[in-house]
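Each chain is listed here by its residues.
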Amino acid sequence: MNLLQDRLAVLSLEDVLNKIEAPGHAISREARPLLDAYLASMGATEEDLGQLAPLFLRWLDISGTMDPKPPRKAVVICCADHGVAAEGVSAYPQETTLEMVRNYTVRQGGAANAFAAYADAHLLIDDMGIAADTGDLPGLFLTRIASGTRNMAKGPAMTREQAADSIKVGLLTAKSLAEQGFDWFLPGEMGIANTTASAAIAAVCCQESPEDVTGRGTNISDARLQKKVEVVRRSLQVNRPDPDDAIDILAKVGGFEFGCMAGLILGAALHRKLVILDGANCGAAALLAQKLAPASIAYTMASHLGSEKSHRFMLESLGLQPILHLDLRLGEAIGSSIASNILEGMIASWQALRREEAGDESPAIDHCEMREEEVKLTDKTFDFYLNTMPTPDREAMDACKLRIDNLTKPVDSLGCLEQIAAELAGCSGNERPDIETSRMAMIYFTAQDSVPPAMEEAMAAQAGLTGARLAIAQLSPGKSAAAAFDFGREEGERYAVMNEVIALAAIDGEGEPCGAMNRALREALLTESGALRFKGDDFLGHVPPRYQGIVSSLLGAMIAAAHNGAMIVLDSEAVQIVARYAAKIAPELRSFLLPVEPPLTGIGAQLPGLTAACGLQIVKASLFMLNEMKTFDETNVSTASDGPGAKRQHR
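Residues numbered from 1 in each chain as written. Predicted model: local features only at pLDDT ≥ 70, side-chain atom pairs only at ≥ 80, totals over all residues. Heavy atoms only, no water.

## Some words on the pattern of salt bridges
A side chain with one charge can pair with a side chain of the opposite charge if their charged atoms come near.
Phase 1 of the analysis: Overall, the coordinates contain 27 salt bridges when judged by the stated rule.
Phase 2 of the analysis: Close ionic contact of Glu344 with Lys73 constitutes a salt bridge, the shortest N to O distance being 2.8 Å. Of this pair, Glu344 sits in helix α15 (residues 334-357) while Lys73 sits in strand β1 (residues 73-80); the two residues are 271 residues apart in sequence, bridging distant segments of the chain. Each of the two residues, Glu344 as well as Lys73, counts as buried.
Phase 3 of the analysis: Between Lys401 and Asp412 there is a salt bridge whose closest N-O contact spans 3.5 Å. In this pair, Lys401 sits in helix α17 (residues 394-405) while Asp412 sits in the loop between α17 and α18 (415-428), placing the two residues 11 residues apart along the sequence.
Phase 4 of the analysis: Classification of Asp412 as partly exposed rests on a relative accessible area of 27%.
Phase 5 of the analysis: Salt bridges sharing common partners tie together Lys401, Asp405, Lys409, Asp412, Glu418 and Arg648. (Salt bridge = Lys/Arg side-chain N within 4 Å of Asp/Glu carboxyl O. Helix = DSSP H or I, 4+ residues; strand = E, 2+ residues; numbered from the N terminus. Buried < 20%, exposed > 50% of the residue type's maximum accessible area, 1.4 Å probe, protein only.)

Structure, rendered in structure tokens:
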């Protein structure tokens, strides 16, 4: 018996489950009055943080401290093969599992590598049961249960003992990570045919039909999808897993990586750590953990709603709300990495506010003010911008998309991230924009006499986490809309010359609560159905007078930033409304605009700049994808044999 088997033999799963309790609320009760005071000084409430407030407060309770340090993160990719791959349910051959593990460990060109680097996380690749010899792979964590599972369409995928052991491996992994000082665990997986297993787990745990929970996985064709549905149905009929027994479900229709991820969740709960869930396969593991220890789910958060059909049912059963909507269909801790950076931004803001309370120095912020002299704009100024507005560089976009299609992943599996990277290539004219050259800035426009210090502190911390420069653009009272437009134009141009990505935000009027401008512009400028109420060339006349300066400055900044080839990240609903009218005036502008909520997030934040900060994190993630991942040709990984990938991927 080897050392791992010795440790598994003496570990009592029952003893661990009996020790798992949900975190208390003592720390969040202590923190909430302080948080409310900070927010009140900004004209905001806890509700204006949207879903980020309860997630942040939950982390305080889990960590057990009012002053948590920046979290140390670990991405854990659990790898295993599935006997059900023999049924032909995937667009890729089974040997792709080994090829991708070699990609992670040797060539370091997988999505797991790229997004772990983006999140500044330690990356652990765990062989739970690859159907091949992995002894020559450096840095691979070996906890192999067996060389792949059996074909669940013909009988149980594994024995009950193997199922329990796979969960125990996750527990031991969590213990090791906790002892090394890691705070957040981001599980992911790699294993050809594993979405067939997760669909079967979802069907049992969520009581849904195979048709409703079986998705395209590696982006398979319609014909293969129908085969996959039938394989899931047959697996359930053959095995009849007990819906009240998580280990029976895992043994009958699961995989070793699902057991490991479930154990990781249970271990996180035991050691008071946070697990940020990724897609449907992580969701399946969480369903098993929930059945074993319901309190363990209090130590998890959902990152995104994936494109697998089962994922929605899983999150509903878990009682978790995703914060991202990126159309992802790859389970290498991608959505969880982005969500981790967004939540880390909340912690950075909290720390900045606490430091300011203690009298520490404020972060660097650009403060920009309008010129004293009144500006006289002429029709020639508008004609110059509107008649010389660039269009995206189609060749750069096509070249960027070709590279993305041939990165080591199923085609289109990174959804919105792929689209954003290609659009940024078109804006910049660079077919492969990178982290170093794609600088970012966030510009706040305000008509207030002074921005609340707490707001400056909080948003400077958010911007700093993305590497973006923060600018406060102060409008002068009594100036005309034309002067405000010119001020916005100047600031948009100044920052677009230095930065490829510009986030635009606007602060509500003096003494107004957060979201007042959103509501006012919605009522004034949109119909009940949400359509634009007016023509582009006269909408400014219908803007409430107190917002005309802000709206004009935003309009000028958008036109100038796009004219200089910058991608424009849009913050609040008010900013998005202005952008829609701007695109009506200059249709070419539309290609340079990136709305964040919707469609990319569902956080529901009203605090100025918070949505834009999330958008900058998403853009940054797309750049890591584009530059840190490697192609099939560079890594010798097999390409797709089915679905749209079969036509677009080459090696």
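## Quick notes on the packing of helix α21 (residues 516-525) against helix α23 (residues 573-585)
Phase 1 of the analysis: Remark: α21 packs on α23, axes separated minimally by 8 Å, with the N-to-C direction vectors making an angle of 35°. When α21 is examined against α23, the residues Met517, Asn518, Leu521, Arg522 and Leu525 are found in contact with a partner set consisting of Glu573, Ala574, Ile577, Val578 and Tyr581.
Phase 2 of the analysis: For the contact of α21 with α23, a count of residues per class yields seven nonpolar, one polar and two charged. (Axes fitted to C-alpha atoms, helices over the stretch in contact; angles between N-to-C directions. Contact = heavy atoms within 4.5 Å. Nonpolar A, V, L, I, M, F, W, Y, C, P; charged D, E, K, R; others polar.)

## Thoughts on the nonpolar core
Phase 1 of the analysis: One finds Phe115, Leu417 and Met558 to be the most contacted residues of the largest nonpolar core, which totals 252 residues.
Phase 2 of the analysis: Aside from chain neighbours lying at most four places away, what touches Leu417 is Phe115, Leu326, Leu328, Ile334, Ile338, Ile618, Ala621, Ser622 and Met625. (Core = buried A, V, L, I, M, F, W, Y, C linked by side-chain atoms within 4.5 Å.)

## Thoughts on helix α12 (residues 256-270)
Phase 1 of the analysis: For α12, spanning 15 residues, the distance from its first C-alpha to its last is 21 Å, which sits close to the expected 21 Å at 1.5 Å a residue.
Phase 2 of the analysis: Among the 15 residues of α12, 14 are classified as buried, and the element is accordingly described as predominantly covered.
Phase 3 of the analysis: Arg272, located one to two residues past α12, shows a positive phi value of around 55°. (Expected span 1.5 Å × (residues − 1).)

## Focus on empty space enclosed by the protein
Phase 1 of the analysis: In the structure shown here, the tally under the stated rule is six cavities of 30 Å³ or more.
Phase 2 of the analysis: There is about 430 Å³ of room inside the largest cavity.
Phase 3 of the analysis: Lining the largest cavity we find 35 residues, and of these Asn194, Thr218, Arg329, Leu330 and Pro410 sit closest to its centre.
Phase 4 of the analysis: Going through the elements one at a time, α5 (96-107), β4 (184-190), α8 (194-206) and α13 (280-292) are the ones with two or more residues in the lining of the largest cavity.
Phase 5 of the analysis: Its residues placed into classes, the lining of the largest cavity shows 13 nonpolar, 15 polar and seven charged.
Phase 6 of the analysis: One number sums up the size of the second largest cavity: a volume of about 120 Å³.
Phase 7 of the analysis: Around the second largest cavity, the lining comprises 15 residues; the ones closest to its centre are Leu49, Met346, Ser349, Leu353 and Ala458.
Phase 8 of the analysis: Among the elements that take part in the lining of the second largest cavity, α15 stands out by supplying four residues, more than any other.
Phase 9 of the analysis: Here the lining of the second largest cavity is built from residues that sort into 13 nonpolar, two polar and no charged. (1 Å grid on protein atoms, 1.4 Å probe; cavity = no way out; pocket = protein on both sides within 12 Å on 5 of 7 lines; lining within 4 Å. Points joined across faces, edges and corners; volume = space filled by probe spheres on them.)

None of this, on its own, says anything about what the molecule does.
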